[in-house]
Amino acid sequence: DGGITQSPKYLFRKEGQNVTLSCEQNLNHDAMYWYRQDPGQGLRLIYYSQIVNDFQKGDIAEGYSVSREKKESFPLTVTSAQKNPTAFYLCASSTRAQDGYTFGSGTRLTVV
Amino acid sequence: RKEVEQDPGPFNVPEGATVAFNCTYSNSASQSFFWYRQDCRKEPKLLMSVYSSGNEDGRFTAQLNRASQYISLLIRDSKLSDSATYLCVVEKGFQKLVFGTGTRLLVSP
């Protein structure tokens, strides 16, 4: 079955560490997105990519980096420059925004 | 003004009740609208798209009022399993969607 796979489901990061969250889709979608969700808050866009080898900053890109070397994959790196990384990270993909997004099951990142 | 605004709730209703949520949006150029459902600690899932003519899917009815820039979701005959957070979502151009903070629904026996 087609879908989006995020891994790991839970991730613990020490202060000063970079960590990379994986997002893979087999839906043949061109566009992929990374969102962050904090408790009681809405989804905030970190980065998005509409085509391979191209990506754009979202509303809260500082302290994050991405790559889009393959259509299926859109990994997110949370760098040590991100001061409040503890959150629920959601990856999504779509063919067109008019069709809505499909989300992965998310990665819950905690700084320890 | 927020791009998408929703009443956070919670809306507490008994099983079998009818409940309605509204959502307002600021971008009059938006063309696509959705309701998503998010269960606690899970990813959002598409509930239904919202069309200008209104649309219905079983117990769920969505309406769009472009003149007043609001979207509504009506749930009839509420079930315990309808308890969740309902996210209003609006397209903002450049293939991006903006998500509201959600309205929490609690259905009790």
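Residues numbered from 1 in each chain as written. Chains lettered and ligands numbered in written order. Predicted model: local features only at pLDDT ≥ 70, side-chain atom pairs only at ≥ 80, totals over all residues. Heavy atoms only, no water.

Undergrad: Before we go on, may I ask you to explain the overall build of chain B in this structure?
TA: Along its length, chain B carries zero helices and 11 strands. Taking 109 residues into account, the globule formula puts the C-alpha radius of gyration at 13 Å, and chain B, at 13 Å, falls close to it. Overall size of chain B, expressed as C-alpha extent along the three principal axes, is 40 × 30 × 20 Å. Each of the 109 residues in chain B was classed as buried or not, and the buried ones make up 46%. Sequence separation of 24 or more characterises 55% of the internal contacts of chain B that already satisfy a separation of 6 or more. When the accessible surface of chain B is summed, it comes to about 5400 Å², and 49% of that surface belongs to carbon and sulfur atoms. (Helix = DSSP H or I, 4+ residues; strand = E, 2+ residues; numbered from the N terminus. Rg over C-alpha atoms; globule rule 2.2 N^0.38 Å. Buried < 20%, exposed > 50% of the residue type's maximum accessible area, 1.4 Å probe, protein only. Contact = heavy atoms within 4.5 Å. Areas by Shrake-Rupley, 256 points an atom, 1.4 Å probe, with all protein chains shown as cover.)

Undergrad: I would appreciate a short explanation of the environment of S80 of chain A in the present structure.
TA: Residues and elements named next belong to chain A. On the secondary structure map, S80 appears in the loop between β8 (76–78) and β9 (87–94). Under the relative-accessibility criterion, S80 is labelled partly exposed at 36%. C-alpha of S80 to C-alpha of R13: the two residues are 67 residues apart in sequence and 9.7 Å apart in space.

Undergrad: What am I meant to see in the pattern of salt bridges here?
TA: Note that side chains of opposite charge can pair when their charged atoms are close. Counting across every chain of the model gives nine salt bridges over all chains. The partner of K71 of chain A in a salt bridge is D30 of chain A, and the shortest N-O contact between them spans 3.4 Å. Taken together, the residues span a long stretch of sequence, with K71 of chain A in the loop between β7 (64–66) and β8 and D30 of chain A in the loop between β3 (19–25) and β4 (31–37) at a distance of 41 residues. Judged by relative accessible area, which is 24%, K71 of chain A ranks as partly exposed. Of the charged contacts in the structure, one is a salt bridge between D39 of chain B and R37 of chain B, with a shortest N-O distance of 2.9 Å. For D39 of chain B, a relative accessible area of 30% translates into the label partly exposed. One connected set of salt bridges, linked through shared partners, spans R36, D38 and R44 of chain A. (Salt bridge = Lys/Arg side-chain N within 4 Å of Asp/Glu carboxyl O.)

Undergrad: Honestly, the nonpolar core in this entry has me stumped. Any pointers?
TA: Side chains of a nonpolar character, in soluble globular proteins, are inclined to be buried together. Ranked by size, the top nonpolar core spans 24 residues in total, and within it F21, W35, I71, L73, I75, Y86 and L105 of chain B carry the most contacts. Breaking this core down by element, the ones donating at least two residues are β3 (19–25), β4 (33–38), β5 (44–50), β7 (60–65), β8 (70–75), β9 (84–93) and β11 (103–108) of chain B. Core analysis: the second largest hydrophobic core is formed by 20 residues, V19, C23, Y89 and L109 of chain A among them. (Core = buried A, V, L, I, M, F, W, Y, C linked by side-chain atoms within 4.5 Å.)

Undergrad: How should I be thinking about the environment of G16 of chain B in this particular structure?
TA: All names here are of chain B. In this fold, G16 is placed in the loop between β2 (11–14) and β3. On the basis of relative accessibility, which here comes to 42%, the residue G16 falls in the partly exposed class. Linking G16 and V107, residues 91 residues apart in sequence, is a C-alpha distance of 8.8 Å. With residues up to four places along the chain from it excluded, the contact list for G16 reads D77 and S78.

Undergrad: Hey, could you run me through the layout of surface pockets in this one?
TA: Remark: the empty space left among the atoms is shown by a probe the size of a water molecule rolled over them. A volume near 590 Å³ is recorded for the largest pocket. Taken together, 26 residues line the largest pocket, and the ones lying closest to its centre are Q37, P39 and G40 of chain A together with C40 and R41 of chain B. Contributing elements (two or more residues each) for the lining of the largest pocket: β9 and β11 (107–111) of chain A together with β9 and β11 of chain B. Of the residues assigned to the lining of the largest pocket, the class counts are 10 nonpolar, 10 polar and six charged. (1 Å grid on protein atoms, 1.4 Å probe; cavity = no way out; pocket = protein on both sides within 12 Å on 5 of 7 lines; lining within 4 Å. Points joined across faces, edges and corners; volume = space filled by probe spheres on them. Nonpolar A, V, L, I, M, F, W, Y, C, P; charged D, E, K, R; others polar.)

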